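Summary of structural features
Take a look at the letters that make up each chain.
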Amino acid sequence: MMKNKPLALIGAEVGEGASDSGCKWGARALRERGLAQHLGEARRDARWVDMVGARPEQEVQSRLDSVAEFSGRLAHVVHRQLRSGAMPVVIGGDHSCAVGTWSAVADAWRGQGDIGLIWVDAHLDAHTPATSDSLAPHGMPVAALLGHGAPGLTSLYGWTGKVKPGNLVIIGARSFEAGERALLDRLGVRVMYMPEVDRRGFAACFDEALALVRRHTVAWGLSFDLDALDPADAPGTGTPVEAGIALVDAVQALRGCAADPECAAIELTEYNPLHDVAGRTAQSAFALLSSITLPVAQAIAA
Ligand SMILES: NC(=[NH2+])NCCC[C@H](N)C(=O)O
Ligand SMILES: [Mn+2]
């Protein structure tokens, strides 16, 4: 008998990783809008367990230092929730929060096996400081999780390579720079660029990605950057890119995916309330999360 894990909502209040830091207030805005209650309409066990805040840049040496220090504290909170049997649902915050989230998941399963990761994003986020023009840490978490880049991001828990290249799939990419693409090509990471998503449909891509990330792993997770969506559905992000995934397609394809017993954690990032238009992006975030976390019984009935 499958059992739904309780959802542990964790706010990742970090904007220091982005050039536009407004997404620092994304988790708070979704919380005040009633995200837990909204998820609780389908299931009663969704609650906020923590808000983890990054130290402002001025208090530390650099944005990278701020993100590195923050990542350690976020990872600690995520790790604790995993050990308690809950499913962490990390709400960004800029996408640099993924370093903390997935380092914790990888570390919690270390010794038992590898973790898989599905990364839905308009960008590749696979820069190292050596290849990034912007030097914005939210353009670096994929590389860091693969073990490349600044030691402060790659080496949480004292080890690197949290996600193996063959256990990672990126879906929806349509804005990237040559250096990050070269890294992913060299490592052999499967990237489903937007033209492929348009051709095959998001659902077919997601199903293939799910099979891939489950194949050689003991647990898997989903990191969803709201800028993967078409800006018509998600105007409230710091780095929107035209011609993205339609909200309806994502909501349909992701239905109940977190009910899989091997799904370890979920992450939704880059909500920037300062750029939202009539709450449209917040509504998209609610719709995505309730679809993803639909309880087992309802997911099967659907
Ligand atoms: N998570 C994000 N929104 N990342 C955007 C990154 C944009 C650009 N590739 C950069 O590195 O600056
Ligand atoms: Mn991203």
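Residues numbered from 1 in each chain as written. Chains lettered and ligands numbered in written order. Predicted model: local features only at pLDDT ≥ 70, side-chain atom pairs only at ≥ 80, totals over all residues.

By the naming in an unreviewed UniProt entry, the chain is Arginase, taken from Variovorax humicola. Its UniProt record gives the chain a comment under Pathway (unreviewed entry), which states: "Nitrogen metabolism; urea cycle; L-ornithine and urea from L-arginine: step 1/1." UniProt, in the comment section headed Cofactor (unreviewed entry), describes the chain in these words: "Mn(2+)". (UniProt positions renumbered as here; feature names shortened; annotations may be inferred.)

Observations concerning the environment of Pro 231
Turning to its location among the elements, Pro 231 is positioned in the loop between β7 (219-225) and α10 (247-253). Residue classification places Pro 231 among the buried positions, given that 20 C-beta atoms sit within 10 Å. As a C-alpha pair, Pro 231 and Ile 245 span 14 residues in sequence and 9.0 Å in three-dimensional space. When neighbours within four sequence positions are excluded, Pro 231 is seen to be in contact with Pro 240, Glu 242 and Gly 244. (Helix = DSSP H or I, 4+ residues; strand = E, 2+ residues; numbered from the N terminus. Buried ≥ 20, exposed ≤ 12 C-beta atoms within 10 Å, placed from the backbone. Contact = placed C-beta atoms within 7 Å.)

Topic: the site of ligand 1
By nearness alone, 14 residues border ligand 1, and His 95, His 123, Ser 134, His 138 and Gly 139 come closest of all. Class assignment for the residues of the shell around ligand 1 results in one nonpolar, eight polar and five charged. (Near = placed C-beta within 6 Å. Nonpolar A, V, L, I, M, F, W, Y, C, P; charged D, E, K, R; others polar.)

Structural notes on the nonpolar core
Proteins that are soluble and globular tend to have nonpolar side chains buried together. Counting 102 residues, the largest nonpolar core has Ile 10, Val 78, Val 89, Val 105, Ile 118 and Ile 171 as the members making the most contacts within it. Discounting residues that sit within four places of it in the chain, Ile 10 has contacts with Val 49, Asp 50, Val 52, Val 77, Val 78, Pro 88, Val 89, Val 90 and Ile 91. (Core = buried A, V, L, I, M, F, W, Y, C linked by C-beta atoms within 7 Å.)

Notes on the pairing of strand β1 (residues 7-13)
Among the seven residues of β1, seven are classified as buried, and the element is accordingly described as predominantly covered. Side chains Leu 7, Leu 9, Gly 11 and Glu 13 project from β1 onto one buried face, and the interleaved Ala 8, Ile 10 and Ala 12 project onto a second face that is buried too. The sheet contact formed by β1 and strand β2 (residues 46-53) spans seven bridges and is parallel. Paired with Leu 9 across the strands is Trp 48, a residue of β2. Pairing of β1 with strand β3 (residues 87-91) involves five bridges; the strand directions are parallel. For Ala 8, the partnering residue across the bridge sits in β3 and is Pro 88. (Pairing = 2+ DSSP bridges.)

Section: the confidence of the model for the chain
Of the residues in the chain, 96% reach a pLDDT of 70 or more, and the chain-wide mean stands at 96. The ipTM assigned to the predicted complex is 0.98, against a pTM of 0.97. (pLDDT = per-residue confidence, 0-100.)

Structural notes on helix α11 (residues 280-292)
For α11, which comprises 13 residues, the first-to-last C-alpha distance of 18 Å matches the rise-based estimate of 18 Å (1.5 Å per residue) to within 8%. Among the residues of α11, Thr 281, Ala 282, Ser 284, Ala 285, Leu 288, Leu 289, Ser 290, Ser 291 and Ile 292 are the ones counted as buried. Where α11 is buried, its residues meet α1 (26-32), α2 (35-40), β3, β7, α10 and β8 (263-269). (Expected span 1.5 Å × (residues − 1).)

Things to note about the packing of helix α3 (residues 63-83) against helix α4 (residues 97-109)
Orientation of α3 relative to α4, taken along the N-to-C sense of each, is 40°, at an axis distance of 8 Å. Relative to α4, the element α3 is oriented oblique. The way α3 lies across α4 gives a crossing that is right-handed. For the pair α3 and α4, the contacting residues are Phe 70, Ser 71, Leu 74, Ala 75, Val 78, His 79, Leu 82 and Arg 83 in the first and Cys 97, Val 99, Gly 100, Thr 101, Ser 103, Ala 104, Val 105, Asp 107 and Ala 108 in the second. (Axes fitted to C-alpha atoms, helices over the stretch in contact; angles between N-to-C directions. Parallel < 35°, antiparallel > 145°, perpendicular 65-115°, else oblique. Left-handed = near helix turned anticlockwise from the far one by under 90°.)

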